Amino acid sequence: MFGSAIIVFRETLEAALIIGIIAAATHQVPGRNRWLAAGLLAGLAGAITVAAATGAIAEMASGLGQELFNAAILGIAVLMLAWHNIWMSAHGKELASSARSTGHDIGEGKRECSVLFAIIALAVLREGSETALFLYGIATADGQGGHTTLMGGLLGLAAGTVVGWALYAGLLRIPLRWFFSATSVLVLLLAAGMASQAARFLIQADMVPSLAEPMWDSSALLPPDSALGILLHGLAGYDARPAGMQIIFYAVAFITIAIGMKLTNRKSSTN
Amino acid sequence: MTKLLTITLALLANTAFAADAEFSLVIRDHRFEPVELIVPAGKKIKLKVENKDATPEEFESHELNREKVIAGNSSTTIYVGPLDPGRYPFFGEFNAKTAQGALVAQ
């Protein structure tokens, strides 16, 4: 029971951290709750579909479909997070500064909401499909404590949700003048971490060269399966043994999004 | 022209395959067979993993920095390395109690 709780907790945690950060970052966007809930539901439906199609997905691209699929999902998520952050650096302040802005620029706000929807849905889909597969395996395995394992799974799900919620509640307590910087730094790190994970899947599929693997080994310093290691992996893409290509993906995503934010921020303040 | 292209591609594909050493692992009753697989160091390795159980398994290794779900009764390919000489443990995350193994690069 404990083993299954941990597996489900780890998968839930990654999605919950993303949801917590995005929910906090968009808490002033009108209509955000509905889009968040819709993203969650769409993600769950997608997760079950993907889990059921695991065999079929894996067989695509001569056995490397799973890596390509994961890399594609991560790639789209990085683009969405980038768009979100750049949009926020242009509109975030006006959203916070006055209630007047509610309803202002509805088209833009709608687009931000659909990006929010996509980010949540993709996060739940990716982490949820592995959880669904694991629990399905347990449920179909004959006898031997399938029931307690499922209970453990539910426990893990609850624990992961609590951590995501705590992050959300904590972020909302940040004073307004630091709030946008704090959430946009978190989103920036999320995006860069996902880019690095996408690179890892492409290396695993032998689609891109690893360029020295590992670049370094910090597993003795900060073990990847320690609580802090898991948390930092979910928040900022911490990898104890990254390949050179992962670092390039990380840096390119980080720098590109940061430049995009700077440019839009400057433009919106001169307007 | 197309013929030439086909031949070139075939040759390229051939050299690509020849460059990777191929090894296989089997998952049965939530255990890896063999438990220890000896592989050459300094070479890219194409690892075939066949899951003979009806339930899915996740091949995972922190040391190799790899992670892949393998559906029940199916097989998959994972590329690893080139590795420095040493022992690289891996495990099946869904059945970590029994599914333990290691690559030994020499």
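Scroll up a little and you will see the structure.
The structure contained in this document is the topic of the report that follows. (Residues numbered from 1 in each chain as written. Chains lettered and ligands numbered in written order. Predicted model: local features only at pLDDT ≥ 70, side-chain atom pairs only at ≥ 80, totals over all residues. Heavy atoms only, no water.)

### Thoughts on the overall build of chain A
Phase 1 of the analysis: When helices and strands are tallied, chain A shows nine helices and zero strands.
Phase 2 of the analysis: Going residue by residue from the N terminus, the α and β elements of chain A occur as α-α-α-α-α-α-α-α-α.
Phase 3 of the analysis: For chain A, restricting intrachain contacts to residue pairs at least 6 apart in sequence, the fraction spanning at least 24 positions comes to 82%.
Phase 4 of the analysis: With an accessible surface of roughly 12900 Å², chain A has 71% of that area assigned to carbon and sulfur atoms. (Helix = DSSP H or I, 4+ residues; strand = E, 2+ residues; numbered from the N terminus. Contact = heavy atoms within 4.5 Å. Areas by Shrake-Rupley, 256 points an atom, 1.4 Å probe, with all protein chains shown as cover.)

### Notes on the nonpolar core
Phase 1 of the analysis: Ranked by internal contacts, the top residues of the largest apolar core, which has 53 residues, are Ile-18, Ile-21, Ile-22, Leu-81, Ile-120 and Met-194 of chain A.
Phase 2 of the analysis: Those elements giving two or more residues to this core turn out to be α1 (2–25), α2 (32–52), α4 (65–97), α5 (106–140), α6 (146–172), α7 (176–204), α8 (227–236) and α9 (244–270) of chain A.
Phase 3 of the analysis: Sequence-distant contacts of Ile-22 of chain A, that is, excluding residues within four places in its chain, are made with Leu-81, His-84, Leu-116, Ile-119, Ile-120 and Val-187 of chain A.
Phase 4 of the analysis: The next biggest cluster of nonpolar side chains, apart from the first, holds 19 residues, and it includes Val-39, Ile-45, Tyr-88 and Phe-90 of chain B. (Core = buried A, V, L, I, M, F, W, Y, C linked by side-chain atoms within 4.5 Å. Buried < 20%, exposed > 50% of the residue type's maximum accessible area, 1.4 Å probe, protein only.)

### Examining the sheet that holds strand β5 (residues 57–61) of chain B
Residues and elements named next belong to chain B.
Phase 1 of the analysis: One open sheet accounts for five strands, arranged β3-β9-β8-β5-β6; its pairing is mixed. Among the strands making up the open sheet, the edge pair consists of β3 (36–39) and β6 (66–70). Taking the axes of each pair of neighbouring strands and ignoring which way they run, one obtains an average angle of 20 degrees across the sheet.
Phase 2 of the analysis: As paired strands, β5 and strand β8 (residues 86–92) are joined by two bridges and run antiparallel to one another. Counted as the bridge partner of Glu-60 is Phe-91 from β8. (Pairing = 2+ DSSP bridges. Axes fitted to C-alpha atoms, helices over the stretch in contact; angles between N-to-C directions.)

### A look at the pairing of strand β9 (residues 100–105) of chain B
Residue and element names in this part refer to chain B.
Phase 1 of the analysis: Across the six residues of β9, five count as buried, placing the element largely inside the fold.
Phase 2 of the analysis: With four bridges joining them, β3 and β9 adopt parallel strand pairing. Pairing of Val-39 across the sheet is with Ala-105, part of β9.
Phase 3 of the analysis: Direction of pairing for β8 relative to β9: antiparallel, over a ladder of six bridges. By the bridge assignment for β9, Tyr-88 is matched with Leu-103.

### Concerning the pairing of β5 of chain B
All names here are of chain B.
Phase 1 of the analysis: Of all five residues that make up β5, five are buried, and the element is covered over most of its length.
Phase 2 of the analysis: Neither face of β5 is left uncovered, since the one carrying Glu-57, Phe-59 and Ser-61 and the one carrying Glu-58 and Glu-60 both have all their residues buried.
Phase 3 of the analysis: Strand direction decides the pairing type here: β5 and β6, joined by five bridges, are antiparallel. Looking at the pairing, Ser-61 lines up with Arg-66 of β6.
Phase 4 of the analysis: Between the antiparallel neighbours β5 and β6 lie four residues, among them Asn-65 with a positive phi of about 55 degrees.

### Some thoughts on the packing of aromatic side chains
Phase 1 of the analysis: Scanning all chains against the criterion turns up eight aromatic pairs over all chains.
Phase 2 of the analysis: An angle of 80 degrees between the planes, with centres 6.1 Å apart, marks the rings of Trp-35 of chain A and Phe-117 of chain A as edge-to-face. Residue Trp-35 of chain A is found in helix α2, and its partner Phe-117 of chain A is found in helix α5; the two are separated by 82 residues along the sequence.
Phase 3 of the analysis: We classify Trp-35 of chain A as partly exposed; its relative accessible area is 29%.
Phase 4 of the analysis: On the basis of relative accessibility, which here comes to 26%, the residue Phe-117 of chain A falls in the partly exposed class.
Phase 5 of the analysis: Between Phe-32 of chain B and Phe-59 of chain B, the ring centres sit 6.2 Å apart and the planes meet at 85 degrees, which makes this aromatic pair edge-to-face. Of this pair, Phe-32 of chain B sits in strand β2 (residues 31–33) while Phe-59 of chain B sits in strand β5, and the two are 27 residues apart along the sequence. The exposure classification of Phe-32 of chain B matches that of Phe-59 of chain B, with both residues buried.
Phase 6 of the analysis: Over the ring of Trp-178 of chain A we find Arg-177 of chain A; its NZ or CZ atom is 4.4 Å from the centre of that ring.
Phase 7 of the analysis: Over the ring of Phe-201 of chain A we find Arg-200 of chain A; its NZ or CZ atom is 5.2 Å from the centre of that ring. (Phe/Tyr/Trp six-rings, centres within 6.5 Å; stacked < 30°, edge-to-face > 60°. Lys NZ or Arg CZ within 6 Å of the ring centre and 35° of its normal.)

### Description of the pattern of salt bridges
Phase 1 of the analysis: Evaluated as defined, the whole model comprises 10 salt bridges over all chains.
Phase 2 of the analysis: Notably, a salt bridge pairs Arg-126 of chain A with Glu-127 of chain A, separated by 2.8 Å at the nearest N-O pair.
Phase 3 of the analysis: Of the residues examined, Arg-126 of chain A reaches a relative accessible area of 13% and is grouped as buried.
Phase 4 of the analysis: The shortest N-O distance in the salt bridge between Glu-67 of chain B and Arg-200 of chain A comes to 3.0 Å. Taken together, the residues span two chains, with Glu-67 of chain B in strand β6 and Arg-200 of chain A in helix α7.
Phase 5 of the analysis: Residues joined by salt bridges that share partners form a network here, namely Glu-14, Arg-126 and Glu-127 of chain A. (Salt bridge = Lys/Arg side-chain N within 4 Å of Asp/Glu carboxyl O.)

### A few points about the side chain of Ser-129 of chain A
All names here are of chain A.
Phase 1 of the analysis: Here Ser-129 shows up in helix α5.
Phase 2 of the analysis: By relative accessible area, Ser-129 is classed as buried at 11%.
Phase 3 of the analysis: Polar contacts involving the side chain of Ser-129 include one to the main-chain carbonyl oxygen of Arg-126, which spans 3.1 Å.
Phase 4 of the analysis: With residues up to four places along the chain from it excluded, the contact list for Ser-129 reads Ala-47, Val-50, Ala-51 and Val-124. (Polar contact = N/O pair within 3.5 Å; in protein donor to acceptor, adjacent residues only side chain to side chain.)

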